[in-house]
Amino acid sequence: MNPFEEKISQLRAGEIDKIEVTKDDFFLFREAWIKQEDKRFFRGIAGLKGNITYVYDTTIV
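Keep in mind that this is a model prediction, so the values were computed, not measured. (Residues numbered from 1 in each chain as written. Predicted model: local features only at pLDDT ≥ 70, side-chain atom pairs only at ≥ 80, totals over all residues. Heavy atoms only, no water.)

Participant: How do you make sense of the packing of aromatic side chains when you look at a structure like this?
Facilitator: Centre-to-centre distance and the angle between the planes together describe a pair of aromatic rings. On inspection of all chains with the given rule, the structure shows 5 aromatic pairs. Centroid distance Phe26 to Phe27: 5.3 Å. Interplanar angle 70°. Geometry classified as edge-to-face. Of the residues examined, Phe26 reaches a relative accessible area of 25% and is grouped as partly exposed. Relative to Tyr56, the ring of Phe41 lies with its centre 6.0 Å away and its plane at 70°, an arrangement referred to as edge-to-face. Residue Phe41 is found in the loop between helix H2 (26-33) and strand E2 (42-46), and its partner Tyr56 is found in strand E3 (residues 52-56); the two are separated by 15 residues along the sequence. A relative accessible area of 14% means that Phe41 is categorised as buried. Accessibility expressed as a relative area gives 24% for Tyr56, which makes it partly exposed. (Phe/Tyr/Trp six-rings, centres within 6.5 Å; stacked < 30°, edge-to-face > 60°. Buried < 20%, exposed > 50% of the residue type's maximum accessible area, 1.4 Å probe, protein only. Helix = DSSP H or I, 4+ residues; strand = E, 2+ residues; numbered from the N terminus.)

Participant: Is there a simple way to explain the side chain of Asn2 in this structure?
Facilitator: Looking at the secondary structure, you find Asn2 in the segment before helix H1 (3-13). Given the relative accessible area of 7%, Asn2 is considered buried. A polar atom in the side chain of Asn2 sits 2.9 Å from the backbone nitrogen of Phe4. The residues touching Asn2, leaving out its near neighbours within four places in the chain, are Leu28, Glu31 and Ala32. (Polar contact = N/O pair within 3.5 Å; in protein donor to acceptor, adjacent residues only side chain to side chain. Contact = heavy atoms within 4.5 Å.)

Participant: Any chance you could explain the pattern of salt bridges here in plain terms?
Facilitator: A pair can form between side chains of opposite charge whenever their charged atoms are brought close. In total, this model carries 4 salt bridges according to the counting rule given. Residues Arg12 and Asp38 are paired through a salt bridge, measuring 2.8 Å at the closest nitrogen-oxygen approach. Of the two residues, Arg12 is situated in helix H1 and Asp38 in the loop between H2 and E2; the sequence distance between them amounts to 26 residues. The class for Arg12 is partly exposed, based on a relative accessible area of 32%. Asp38 sits in the buried class, given a relative accessible area of 15%. (Salt bridge = Lys/Arg side-chain N within 4 Å of Asp/Glu carboxyl O.)

Right, dumping it as structure tokens:
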């Protein structure tokens, strides 16, 4: 099982505030994210050195 699948579920449920994804783990995260029906609500915030912070934001239209 992809470790990001559980983190995505926790983020959606509000159990965690964000998911930190490193450049090296991006494709592993993407593999889990692409399967989500509500993937448009996951907002990625670019960081330094290719790191991305994902938050769940239902206000996105």
